[in-house]
Amino acid sequence: MLLSNVISCNLVGLDGEIINVETDISNGLPSFTIVGLPDTAVRESKERIRAALKNSGFQFPIKKITINLSPANTKKEGTHFDLPMAIGILAASSQIEEKSLKEYAFIGELSLNGRLNKVIGALPIVISFREKGYKKIILPKQNINETSIIEDAEIYGFDNLKEIIEFLNGEIDIEPFKQNSAEMNLFNKRYYDVDFSEVSGQSNVIRAFQIAAAGAHNIILIGPPGAGKTMLARRFPTILPDMTIEESIEVTKIYSVAGLLSDNCSLITSRPFVSPHHTASKVSLIGGGKIPKPGDVSLAHLGVLFLDEFPEFQKSVLEALRQPMEDEEVTISRVNAKITYPSKFILVASMNPCPCGYYNDPYNECKCSPSQVRKYLSKISGPLLDRIDIHVEVFPVKYQELVKNTKNQNSSEIKKKVDKARLIQLERYKNEKINYNSQLSPKLIKKYCHLKYKQNKLLETAFYKLKMSARSYNKIIKLSRTIADLNESEEIKTVHIAEAIQYRSLDKKFWEV
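The rules we used
- Residues numbered from 1 in each chain as written.
- Predicted model: local features only at pLDDT ≥ 70, side-chain atom pairs only at ≥ 80, totals over all residues.
- Heavy atoms only, no water.
- Helix = DSSP H or I, 4+ residues; strand = E, 2+ residues; numbered from the N terminus.
- Buried < 20%, exposed > 50% of the residue type's maximum accessible area, 1.4 Å probe, protein only.
- Areas by Shrake-Rupley, 256 points an atom, 1.4 Å probe, with all protein chains shown as cover.
- Lys, Arg positive; Asp, Glu negative; His and termini not counted.
- Charge placed at Lys NZ, Arg CZ, Asp CG, Glu CD.
- Phe/Tyr/Trp six-rings, centres within 6.5 Å; stacked < 30°, edge-to-face > 60°.
- Lys NZ or Arg CZ within 6 Å of the ring centre and 35° of its normal.
- Pairing = 2+ DSSP bridges.
- Salt bridge = Lys/Arg side-chain N within 4 Å of Asp/Glu carboxyl O.
- Axes fitted to C-alpha atoms, helices over the stretch in contact; angles between N-to-C directions.
- Parallel < 35°, antiparallel > 145°, perpendicular 65-115°, else oblique.
- Contact = heavy atoms within 4.5 Å.
- Nonpolar A, V, L, I, M, F, W, Y, C, P; charged D, E, K, R; others polar.
- Patch = residues over 30% accessible without salt bridge, like charges linked within 9 Å, V, L, I, M, F, W, Y side chains within 5 Å.

A. Expanded view of the overall build of the protein. Looking only at helices and strands, one finds 22 helices and 18 strands in the protein. If you line up the protein on its principal axes, its C-alpha atoms span 85 × 50 × 45 Å. A buried classification covers 53% of the 513 residues belonging to the protein. Only carbon and sulfur atoms are counted for the fraction: they give 50% of the accessible area of the protein, which is about 23200 Å². On the protein, the mean spot of the 68 positive side-chain charges and the mean spot of the 60 negative ones are 6 Å from each other.

Here you go:
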């Protein structure tokens, strides 16, 4: 009997580690042992492999079989090791020639009848293969669409184990799958059935959303029930800039690891809009679990995380948002590893100002006592509120505005202005490690946001009157920079500072009840 070696990959977060699947078959009492820190799913593959080989017409050696997943000091997780281990057994038992394996890498889960099942995380695995120099990859046909976007890799998709062996033995000839980018069956084309032109009134809120989109700023909407907070928030993605191909691949990798891609998915091309229910747990929002998976903050990467009924979330869940919002990534620590997922999202939050919803409403009387209002608003801590750039009060639309039928600008017109502002930022920060105004550090603020005497005097007055923190001060300057970019002004003017200040005054109005 022989010793065989098959190339596969172990996925840790979004990064892959090349694994050598070493198989040894020798005389002795019949046994099947897998070593190299396999998890339960990998250990259970013994029964799947045994049945798959037998039902595909191959012999399962009645010998002592030892499989080592090298390097042996890292934990191996997932069912995608089924195929490389089965190939290793067939090569070691001389049912296929090992020399035919040297140029290929393998992933795939086996059914008992030898059929290949879709694996989770195929896209980041294929990217890791390519980066390590393995460009010919054999995998389940169900994973072809998501992995075919990698142009310089040769993807071979198969339905079952028997087809793979016939291909490796030269009995059948199969060309690598290539998908024409114009014919890609996209997971989510940029099409929306909502538009800002459908909104009556609320021009001040739409303006705030335009600024948020242009500079990637977080925003919170405060107002009574029925004012249109959720309706407005759901139209926010319609004005966000188009994703680049690099951004699309980055988001698709996260959804691949989370197992949320459909079989016909090629690429996610629209920015994610993730809206968890207020009963969501900390793990579902931030990520984690026994086998750490991305949470909603990572699924919203490069898109929007919308938290409706903001104070109804558990306070511990909301506080867990502070670090991902600041660092634009989240690290999940476990005994065996630390996994980091990106979380560069725009937070959109909406809330009522009190339990009944009508505190400060000019049209309805609030039935809550001052202590009830304070208790309700205290669910949103000062440090969390301070991390939200734009605070907007939303009032119910007046009857005259509803019947007047005056339309706001449509989303495509607003998006054009947003795109221009984003291009200005990309050009300005091309030599920095940032893309948007919201990412400016204090050092970069001094470099790119020069204020003259009048602007500084206005900002100083607001700083003392509104009792701002240093973070609030920096947020106002960043907002001013975005407003100036929307106006295509290189200079930050007094009017830009004044507009930015008004988006930072509601915390004093509501939270100092």
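B. Seen up close, the packing of aromatic side chains. Under the counting rule described, the total for this entry stands at 11 aromatic pairs. Between the aromatic rings of Phe463 and Tyr464, the centroid separation amounts to 5.5 Å while the plane-to-plane angle is 90°, which identifies the pairing as edge-to-face. The exposure class assigned to Tyr464 is exposed, which follows from its relative accessible area of 59%. An aromatic cluster is defined as three or more aromatic residues linked by ring pairs; in this entry it consists of Tyr104, Tyr156, Phe158 and Phe167. The positively charged end of Arg422 is found above the aromatic ring belonging to Tyr436, 4.2 Å away from the centroid.

C. Summary view of the pairing of strand β17 (residues 346–351). Burial within β17 is extensive, with six of its six residues counted as buried. Covered by surrounding structure in β17 are Ile346, Val348 and Ser350 together with Leu347, Ala349 and Met351, the residues of both alternating faces. Here strand β10 (residues 219–222) pairs with β17 via four bridges, running parallel. Opposite Ile219, over in β17, you have Val348 as the bridge partner. In this sheet, β17 lies alongside strand β14 (residues 304–307) in parallel orientation, the contact comprising four bridges. In the sheet register, Phe306 faces β17, and the bridge partner there is Val348.

D. Structural view of the pattern of salt bridges. Counted according to the given criterion, the structure contains 22 salt bridges. Here Arg48 makes a salt bridge to Asp82, at a shortest N to O gap of 2.6 Å. One end of the pair, Arg48, is in helix α2 (residues 45–55); the other, Asp82, is in helix α3 (residues 82–92), and 34 residues separate them in sequence. The same class applies to Arg48 as to Asp82, namely buried. As a salt-bridge pair, Arg387 and Glu326 come within 3.2 Å of each other at their nearest N and O atoms. One end of the pair, Arg387, is in the loop between α15 (382–386) and β18 (390–393); the other, Glu326, is in helix α13 (residues 322–327), with 61 residues separating them in the sequence. One salt-bridge network, in which partners are shared between bridges, spans Asp242, Lys415 and Asp419.

E. Main features of the packing of helix α7 (residues 203–215) against helix α20 (residues 470–486). Packing of α7 against α20 brings their axes to within 9 Å, and their N-to-C directions diverge by 100°. What the angle tells us is that α7 and α20 run roughly perpendicular. Contact with α7, carried on its side by Arg207, Gln210, Ile211, Ala214 and Gly215, involves Leu479, Thr482, Ile483 and Leu486 of α20 and no other residues of that element. Looking at the contact of α7 with α20 residue by residue, the class counts come to five nonpolar, three polar and one charged.

F. Local environment of α3. Extensive coverage of α3 is indicated by the burial of 11 of its 11 residues. By the burial criterion, the buried members of α3 are Asp82, Leu83, Pro84, Met85, Ala86, Ile87, Gly88, Ile89, Leu90, Ala91 and Ala92.

G. Quick peek at a nonpolar patch on the surface. On the surface, Tyr399, Leu402 and Val403 cluster together into a nonpolar patch covering about 340 Å² of accessible area. By the element assignment, Tyr399 lies in helix α16 (residues 399–404). Here Tyr399 falls in the exposed class, since its relative accessible area comes to 61%.

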